[in-house]
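Listed here are the chains, written in short residue letters.
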Amino acid sequence: MISVEDALERILSYVDVLEPEEKPLLEALGQVLVEDVMSSFDIPPLDNTSMDGYAVRAEDTRGASPESPVDLRVVGEVAAGYVFEGEVTQGTAVRIMTGAPVPAGADAIVPFEETDEPFEKAPVRTRRLDAAAIVRVFKEAQPGANTRRAGEDVRREQTVLRRGTVLRPSEIGVLASVGKARVKVIRCPVVAVLSTGDELVEVGEPRPAGKIYDSNAYSVGALVRRYGGMPRLLGIAKDTVEALTAKIHGGLEADMLITSAGVSRGDYDVVKEVLAREGEIAFWTAAMKPGKPLAFGCFYRDGRRIPHIGLPGNPVSSMVSFELFGRPALLKMMGKTDWHRPMVRAIAQEQIVNRNDPRVFYARCFVRERDGRYYASLTGPQGSGMLTSMAYANGLTVIPPEVDVVEPGEEIDVLMLDWSQGEEWGSRRPAEEAAE
Ligand code: AMP
Ligand code: MG
């Protein structure tokens, strides 16, 4: 039996970063940039106004007040997206809308609120005014007032994003602002997901006596998708070496293979046998509860190495094992370097027992924040077959082997799987409510 940390380190040593691909900007959300990106122009490209108002020469407004306003002759108008061709000369102003470039000659914007705003609101783009329209200014403007400087966000030829950056919505926006329609990113891994067991039937099919639905393919497939991979469900393999071998061969086009079940002692142990025969085994058990039996190995196909994680069959064990081992492997393939999860210190709301067990106990719990402190309660019985305990949880306790009992009120570490903790979470335990 090896520690979770050692197991992860060994798994990651067999996992390589995938190659880049180029794709449309929006589709690259969550992927890792493989090129430095610079801007070929200033952002904003021109000095422009941050307010609707009048573009003026600040010195022309000197001494303006409600009692002694300054009158300026309005020579034109300009809206965002247009450039005013004329110039603001002494004693004149140009009516201007937010985002429009500041006309030549002007160095400040007087907002409408500081004028008598003599105009009707009209959808004007840009025009010169011939009539002797006058605007009355009630407040002195400082040079630069209400203007945004060209290049104040991004300078021409400045690198805006470095390679290795994970593209979140804000980075996607920055890339759009510099005009990048397509980006080079590490491609998304395709993950083949295979369930094993004679007892399994596919959801949507009738369920004969003695059979259960295959839920692992769906929970694990969904985890793959959540963390940015593309799951490819291979279906269900019977507990025979032949059936499993055939299915596994069908999955070796993928970048990673995940199987569930068939790795525990006393079982048919077919996964182990197929791995040993067709690939390479790395290790067998990790010191964790739930989830102790775990297979890891590699298959080789056309000079490529395809890592294989053999998850335990129990539905909770397979999800927890994927969270601890599959997720980092997936993120590493995607070029990410940080797979740590937020961990909180939480106050246990009930007794948690992990006596005489040399494994770390990842109990499913629900964490709620109150007055700046976190409180953790278990989501009911902790059997590794009870998938609803996972559905009602937003975190996993991390109880080390040397701790036999956690008493209510003691602090524990909790690995957060989700941050949601609103009212809707509190009412997610219909079974328990009915029992009370
Ligand atoms: P095994 O690792 O094959 O001994 O399976 C352990 C437990 O997990 C058994 O109770 C199986 O019925 C259950 N199990 C295995 N695979 C799945 C699956 N894909 N969906 C739901 N339960 C499963
Ligand atoms: Mg089985």
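In this report, the structure presented in the accompanying data block is examined. Computed from a predicted model, the values in this text were never measured in an experiment.

## Quick word on the environment of A363
Within the secondary structure, A363 is located in the loop between β24 (360–361) and β25 (364–370). A363 gets classed as buried once you look at its relative accessible area, which sits at 0%. In this structure the C-alpha to C-alpha distance between A363 and T240, which are 123 residues apart in sequence, comes to 33 Å. When sequence neighbours within four positions are dropped, the list of residues in contact with A363 reads L378, Q382, G395, L396 and T397.

## Brief notes about the packing of aromatic side chains
The final tally for this structure, using the stated rule, is three aromatic pairs. Taking the centre distance of 5.7 Å and the plane angle of 65° together, the rings of Y54 and F112 count as edge-to-face. Of the two residues, Y54 is situated in strand β4 (residues 53–56) and F112 in the loop between β7 (108–111) and β8 (126–128); the sequence distance between them amounts to 58 residues. Taken together, a centroid distance of 6.2 Å and an interplanar angle of 50° make the contact between Y374 and W419 tilted. Residue Y374 is located in strand β26 (residues 373–378), and its partner W419 is located in the loop between β29 (411–416) and α8 (423–426); the two are separated by 45 residues in the primary sequence. According to the relative accessible area criterion, W419 is partly exposed, its value standing at 42%. The side chain of K289 reaches across the aromatic face of F361, ending 4.3 Å from its centre. Over the ring of Y375 we find R370; its NZ or CZ atom is 4.4 Å from the centre of that ring.

## A few points about the sheet that holds β26
Sheet architecture is closed into a barrel: five strands sit in the order β22-β26-β25-β27-β29, paired in mixed fashion. Each adjacent strand pair in this sheet contributes to an overall mean axis angle of 50°, direction not counted. Sheet topology note: the strand β22 (residues 343–348)/β29 ladder contains five bridges and is antiparallel. Of the residues in β29, the one forming a bridge with A346 is I412.

How each quantity is defined
- Residues numbered from 1 in each chain as written.
- Chains lettered and ligands numbered in written order.
- Predicted model: local features only at pLDDT ≥ 70, side-chain atom pairs only at ≥ 80, totals over all residues.
- Heavy atoms only, no water.
- Helix = DSSP H or I, 4+ residues; strand = E, 2+ residues; numbered from the N terminus.
- Buried < 20%, exposed > 50% of the residue type's maximum accessible area, 1.4 Å probe, protein only.
- Contact = heavy atoms within 4.5 Å.
- Phe/Tyr/Trp six-rings, centres within 6.5 Å; stacked < 30°, edge-to-face > 60°.
- Lys NZ or Arg CZ within 6 Å of the ring centre and 35° of its normal.
- Pairing = 2+ DSSP bridges.
- Axes fitted to C-alpha atoms, helices over the stretch in contact; angles between N-to-C directions.

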